[in-house]
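# Descriptive structure summary
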Amino acid sequence: MSALLSVDQLQSGYEGVAILNGIDLHVDRGETVAVVGANGAGKTTLIRTLGGLLKPRAGSILFDAKEMAGSASDRVCEAGLAHVPEGRQLFATLSVEDNLRLGGHLNRSRARMVRNLTRVYDIFPRLGERRRQQAGSLSGGEQQMVAIGRALMAEPILMMLDEPSLGLSPIMVATLFDVIGQLNRDGISILLVEQNVAESLAVAARGYVLENGEVVLAGTSAALLGDDRVRRAYLGL
Amino acid sequence: MNELYVGALINGLLIGAVYALIATGLNLIFGVMRVVNFAHGEMVVIGMYMGYGLWRLTGWPPIATIPFALIGLFAMGYGFQRWIGNAFVARPQHVQFVLYIGLALVITGVHAVIFGPDPMGIQSAASFDVYRVAGLRIDATRLHAALAACVLIALLWAWLRFSLTGKALHAAADNLLGARAIGIRTNHIFALAMGMGAACAGAAGALLAPLYDTQPYLASEFTLLAFIIVIVGGLASLPGALLGGVLVGVAEAFAAVVIEPSAKSLFSYGLLIIVLVLMPQGLLGGRQGAGR
Ligand SMILES: Nc1ncnc2c1ncn2[C@@H]1O[C@H](COP(=O)(O)OP(=O)(O)OP(=O)(O)O)[C@@H](O)[C@H]1O
Ligand SMILES: [Mg+2]
């Protein structure tokens, strides 16, 4: 049985700057995996490359037995790999419901738009109450719900979340990690990028530590939480 | 005397609706891509030649050219943007300027080669048709053109507002990164915006064909006209394009009766300057994004 997502020697970056220098990682079906690292480690670059927003320079991205390296984001999303981007990136002047509907525009999910909307409103009742409100007028926490709901509308097999807890209150962060755990129990595999190391390793089974575009440490969450370097650098212990 | 002014008002309103269609296209392109289509007037002239050509070949009124102008200019705008323009969307504005000015020069050059520099007018008995309403004479060609323009603008608004693809245009204008993250094909969306904007220009050209003698160098006047309307109404505002189009149409028509026909651009520039001084964002401008 091969992994759902398997990334092999992935190199990527921006015009003239190499950021990722050969990343190896995998996510099995049904797993929650965390990627942690300091500012500028290359976490967002990794997620954007996996999501088809950046073209890799080398390496392979095998998702659901299909090669995705070099594919644009529409093909990646159609394959069932959803992206909740850093900073939410909502359509601020459109209504909450329009944001969600646009998330469901893909061929893989379009036919079940109404059912999927109901499902998102079941998970996030607040969004149901605010469906006609402009997305830009919501609170930070509500906006993060829209970003996750928008990705859910595409019926993903694997959801990548890039720092979803950024800028949220502690209570909101706890709710958010509960939701992520619930989505995983509902059968969605999760790749979670976070600076919030303790919380993300608490929901994830395994994790990778990224530094300067390289995986410097990998293992089960328990092993990482027990590792001296992780404790010193990320947990302040 | 009074009748003269009422007549000018009506004529201005009618031609203003066609102007609004031109400006709506320019605004749609700008609203979605933040790209200024300097070849917009040239696209209007393509529509005019299509209207003229169809009339020469079949004798049909230019309004019958609308489907051809819509399809032809849509295909041209879509193809140009998809295969050439999209590579320039993220480039600096002066580079885009060169690209779209280049397109404008090519179109005008092609027109000059095919049709020559001489004005070509449609002479038909139908151009003297009038409707009489409450003692007023309303030019039938203008009325039909205005109605067709209003229908097209309404259809475009409805499509942008209610269809999922229309919403994807808003989405791309609003947050390009977010749009790409959820798999919206932004290359296709940009090409759609250019195609629809070009189709507006082409259809307006077909409607103008019986009203103006067509010649290649009219194009820059239309481009300028569309800019004035868009700035008066508000950049990227679709209702602004409608309001601006009608205001400029009426201003021109009054200039023609109050001073003389050649003074018409004097009034539209006057309007532009007044608006720029009093409301730099344009009358309905200020909010960003397509179709707001
Ligand atoms: N558009 C860009 N062009 C050039 N360099 C970039 C660009 N975006 C990011 N970088 C650089 O790439 C490196 C990695 O950035 P990235 O955003 O992937 O880090 P990150 O791990 O997500 O950090 P954070 O936790 O702050 O979000 C940084 O040094 C950054 O300066
Ligand atoms: Mg980041």
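The number of helices and strands found in chain B is 11 helices and two strands. When the elements of chain B are put in sequence order from the N terminus, they spell out α-α-α-α-β-β-α-α-α-α-α-α-α. Computed over its C-alpha atoms, the radius of gyration of chain B comes to 19 Å, within 12% of the 19 Å expected for a compact globule of 292 residues. Structurally, chain B occupies a C-alpha span of about 60 × 45 × 35 Å along its principal axes. Expressed as a percentage of its 292 residues, the buried residues of chain B come to 52%. Sequence-distant contacts in chain B: of pairs separated by 6 or more residues, those separated by 24 or more amount to 78%. Side chains of chain B give 14 positive and 10 negative charges; the mean places of these two sets differ by 18 Å.

Attention now moves to the packing of aromatic side chains. Residue and element names in this part refer to chain B. The final tally for this structure, using the stated rule, is eight aromatic pairs over all chains. The interplanar angle of 25° and the centroid separation of 6.0 Å between the aromatic rings of Tyr 5 and Phe 254 together place this pair among those described as stacked. Here Tyr 5 is found in helix H1 (residues 2-33), whereas its partner Phe 254 is found in helix H10 (residues 238-258), with 249 residues between them in sequence. Summarising the aromatic geometry, the rings of Phe 38 and Phe 97 are spaced 4.8 Å apart at their centres and angled 80° between planes, so their arrangement reads as edge-to-face.

A separate point is the coordination of the magnesium ion (ligand 2). Residue and element names in this part refer to chain A. Protein coordination at the magnesium ion (ligand 2): the donors are Thr 44 (OG1) and Glu 86 (OE), at 1.9 to 2.2 Å from the metal. Remark: Glu 86 occurs in the loop between strand S6 (81-84) and helix H3 (96-103) and Thr 44 occurs in helix H1 (residues 43-50); sequence separation between them is 42 residues. Owing to a relative accessible area of 15%, Thr 44 belongs among the buried residues under this scheme.

All names here are of chain B. Between H1 and helix H8 (residues 186-208), the least distance of the axes is 8 Å, while the angle of their chain directions is 165°. Classified by the angle between their axes, H1 and H8 sit roughly antiparallel to one another. The two elements H1 and H8 meet at a crossing, and its hand is left-handed. For the pair formed by H1 and H8, the contact residues are Ile 15, Val 18, Leu 21, Ile 22, Gly 25, Leu 28, Ile 29, Val 32 and Met 33 on the first element and Ile 189, Phe 190, Ala 193, Met 194, Met 196, Gly 197, Ala 198, Cys 200, Ala 203, Ala 204, Leu 207 and Leu 208 on the second.

Residues and elements named next belong to chain A. By the assigned domains, chain A splits into domain 1 (1-80 + 158-237) and domain 2 (90-156). Taken over C-alpha atoms, the centre of domain 1 sits 23 Å from the centre of domain 2. On the domain 2 side, the residues contacting the 15 residues of domain 1 number 14 residues. For the pair domain 1 and domain 2, the summed buried area comes to about 1200 Å², and 74% of that belongs to carbon and sulfur atoms. Among the residues domain 1 hides against domain 2, the three largest losses belong to Glu 78, Met 159 and Val 179. Together they make up 37% of the total. Inspection of the region where domain 1 meets domain 2 yields zero salt bridges.

Turning our eyes to something else, we now look at the interface of chain A and chain B. Interface size is commonly expressed as the accessible area that is lost once the parts come together. Taken together, the 24 residues of chain A in the interface contact 17 residues of chain B. Of the roughly 1900 Å² buried between chain A and chain B, counting both surfaces, carbon and sulfur atoms make up 62%. It is A:Leu53, A:Phe91 and A:Leu102 in chain A that bury the most area against chain B; as a group they hold 28% of the surface buried on that side. Taken together, the links from chain A to chain B amount to one salt bridge. Summed over the shared surface of chain A and chain B, the result is eight residue pairs in polar contact (both at pLDDT 80 or more). Elements with a minimum of two residues in the side of chain A that touches chain B: helix H2 (73-78) and H3 of chain A. Sort the elements by how many residues they give to the side of chain A that touches chain B and H3(A) lands first, with four residues.

Moving on, we get to the site of ligand 1. Residue and element names in this part refer to chain A. Of all residues adjacent to ligand 1, which total 14 residues, the nearest are Asn 39, Lys 43, Thr 44, Thr 45 and Glu 86. Between ligand 1 and Thr 44 there is a distance of 2.7 Å, counted from an oxygen atom to a side-chain nitrogen or oxygen. In the model, an oxygen atom of ligand 1 is placed 2.9 Å from a nitrogen or oxygen of the Glu 163 side chain. Where the shell around ligand 1 is concerned, the elements lending two or more residues are strand S2 (17-27) and H1.

Another point: the sheet that holds strand S8 (residues 189-194) of chain A. Residue and element names in this part refer to chain A. Strand order in the open sheet made by the six strands is S6-S7-S8-S3-S9-S10, with mixed pairing throughout. Strand pairing shows two members of the sheet lacking a second neighbour, S6 and strand S10 (214-220), which therefore form its edges. Pairs of neighbouring strands in the sheet enclose a mean axial angle of 15°, with direction left out of account. Both strand S9 (residues 206-211) and S10 contribute to a ladder of six bridges, which runs antiparallel. Following the sheet pairing, Tyr 208 is matched in S10 by Ala 218. Lying on the sheet, H1 is in contact with strand S3 (32-37), S6, strand S7 (158-162), S8 and S9; it crosses S8 at an angle near 150°. Packing against the sheet, helix H6 (residues 140-152) makes contact with S6 and S7, and its axis sits at approximately 165° to S6.

Reading the values: rules and limits
Along each chain, the written sequence defines residue order, and numbers are assigned to residues from 1. A letter from A marks each chain and a number from 1 marks each ligand, given out in the order of writing. pLDDT decides what is reported in this predicted model: residues at 70 or higher carry local features, side-chain atom pairs at 80 or more are listed and counted, and totals for whole chains, interfaces and linings draw on all residues regardless. Hydrogens are left out, water is left out, and the side-chain values use all remaining heavy atoms of the structure. Here a helix means four or more residues in a row that DSSP labels H or I, a strand means two or more in a row labelled E, and each is numbered from the N terminus. For this measure, only C-alpha atoms enter the radius of gyration; the expected value for a globule follows 2.2 Å times N^0.38, where N is the number of residues. Relative accessibility decides the category of a residue: with a 1.4 Å probe and only protein chains considered, values under 20% of the type maximum give buried, values over 50% give exposed, and everything between is partly exposed. Residues are treated as being in contact if the distance between any of their heavy atoms lies within 4.5 Å. The convention is simple: Lys and Arg are positive, Asp and Glu are negative, and His and the chain ends are not counted. Each charge is placed at NZ for Lys, CZ for Arg, CG for Asp and CD for Glu. Classification of ring pairs uses Phe, Tyr and Trp, with its six-membered ring standing for Trp, and accepts pairs whose centres are within 6.5 Å; under 30 degrees between planes counts as stacked, over 60 as edge-to-face, and the remaining range as tilted. For Na, K and Ca the donor cut-off is 3.2 Å; for every other metal, N, O and S atoms count as donors within 2.8 Å. Water does not enter the count, which can leave sites looking incomplete. To define axes, lines are fitted to C-alpha atoms, for helices over the stretch in contact only, and angles between the resulting N-to-C directions are given on a 0 to 180 degree scale. Angle categories: roughly parallel below 35 degrees, roughly antiparallel above 145, roughly perpendicular from 65 to 115, and oblique for all the rest. Crossing handedness is defined as follows: a turn of the near helix away from the far one that is anticlockwise and smaller than a right angle gives a left-handed crossing, while the clockwise case is right-handed. A domain assignment, automatic or from a database, supplies the domain bounds used here. As a working definition, buried area equals the accessible area (1.4 Å probe) given up by two parts on being put together, with both sides summed. Basic side-chain nitrogens of Lys or Arg form a salt bridge, by our definition, when they fall within 4 Å of a carboxyl oxygen of Asp or Glu. Counting of polar contacts relies on pairs of N or O atoms within 3.5 Å, with two restrictions inside protein: one atom must be capable of donating a hydrogen and the other of accepting it, and residues adjacent in sequence are counted only when both atoms are side-chain atoms. Here, proximity means that at least one heavy atom of the residue falls within 4 Å of the molecule or strand. Criterion used throughout: strands pair if DSSP finds at least two bridges between them.

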